[in-house]
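Coordinate inspection notes
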Amino acid sequence: MRKITNEELHRPTAEEYAHVEKMPVTVVLDNVRSLQNVGAFFRTADAFAVERILLCGITATPPNRDIHKTALGAEMTVEWKYYATTNECVEQLKAEGYTILSIEQVEGANMLQHFESEADKRYALVFGNEVLGVAQDIVDMSDGAIEIPQAGTKHSINVSVSGGVVLWSFYRDFLLRK
């Protein structure tokens, strides 16, 4: 096997990417404190054609050197907006008709392997703080929750890794419908 060069991948330019069809998925970061995690979300959102990222509370915003170091420029291709509170953000998304799903371990959560996104819905996926997770009041505002199945001794995985796992699942559904 030979590795494919970047030129052979035929990735779109930033200008072309602006016109690529996006998934009907918005990412909400609820008080994510690590700038590397924020940067990783931008890079993953770019890879999976997420429509936008909404940064809430203490979550840092671009331009920022530490976000850029992980995002590798994706913070310039993925649309984003800042909200002072996650509550304000979720209320706005509900008014826009989004289905709000907290990515969290809660009673009644759908296990990711059993969840199938619906073509006629727009989703807002809420990812929480590295220590506290998604705030309980945001879970209460959500239409549901998704949990990532795990087999290890730890009770959670890194928030940006969770983002990659969940967003890939949504992107797979999106590709299958095309």
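Here is a short report on the structure shown in this document. (Residues numbered from 1 in each chain as written. Predicted model: local features only at pLDDT ≥ 70, side-chain atom pairs only at ≥ 80, totals over all residues. Heavy atoms only, no water.)

1. Observations regarding helix α7 (residues 159-177)
Between its terminal C-alpha atoms α7 stretches 27 Å, which fits the 27 Å expected from 19 residues at 1.5 Å a residue. Along α7, the positions that sit buried rather than exposed are V159, S160, S162, G163, V166, L167, S169, F170, Y171, D173 and F174. On its buried face, α7 is in contact with β1 (23-30), α3 (35-47), β2 (50-56), β4 (99-103), β6 (123-128) and β7 (144-147). (Helix = DSSP H or I, 4+ residues; strand = E, 2+ residues; numbered from the N terminus. Expected span 1.5 Å × (residues − 1). Buried < 20%, exposed > 50% of the residue type's maximum accessible area, 1.4 Å probe, protein only. Contact = heavy atoms within 4.5 Å.)

2. Things to note about the packing of aromatic side chains
The geometry of an aromatic ring pair comes down to the distance between the two centres and the angle between the two planes. Counted according to the given criterion, the structure contains 8 aromatic pairs. A ring pair is formed by Y123 and F170, whose centres lie 5.3 Å apart and whose planes are at 75°; its orientation type is edge-to-face. Of this pair, Y123 sits in strand β6 while F170 sits in helix α7, and the two are 47 residues apart along the sequence. Feature note: the residues F48, W168, Y171 and F174 constitute an aromatic cluster, connected by ring pairs. One Lys or Arg, K22, reaches over the ring of Y17 and ends 4.3 Å from the middle of that ring. Seen from the ring of Y98, R122 lies directly overhead, with NZ or CZ sitting 4.3 Å from the centre. (Phe/Tyr/Trp six-rings, centres within 6.5 Å; stacked < 30°, edge-to-face > 60°. Lys NZ or Arg CZ within 6 Å of the ring centre and 35° of its normal.)

3. Examining the nonpolar core
One finds M23, L29, F42, I53, L125, F127 and F170 to be the most contacted residues of the largest nonpolar core, which totals 34 residues. Mapped by element, the contributors of at least two residues to this core are β1, α3, β2, α4 (65-71), β4, β6 and α7. Sorting elements by how many residues they give to this core places α7 first, with 6 residues. The residues contacting L125, other than those within four sequence positions of it, are V25, T26, V27, V28, L101, I103, V166, L167 and F170. (Core = buried A, V, L, I, M, F, W, Y, C linked by side-chain atoms within 4.5 Å.)

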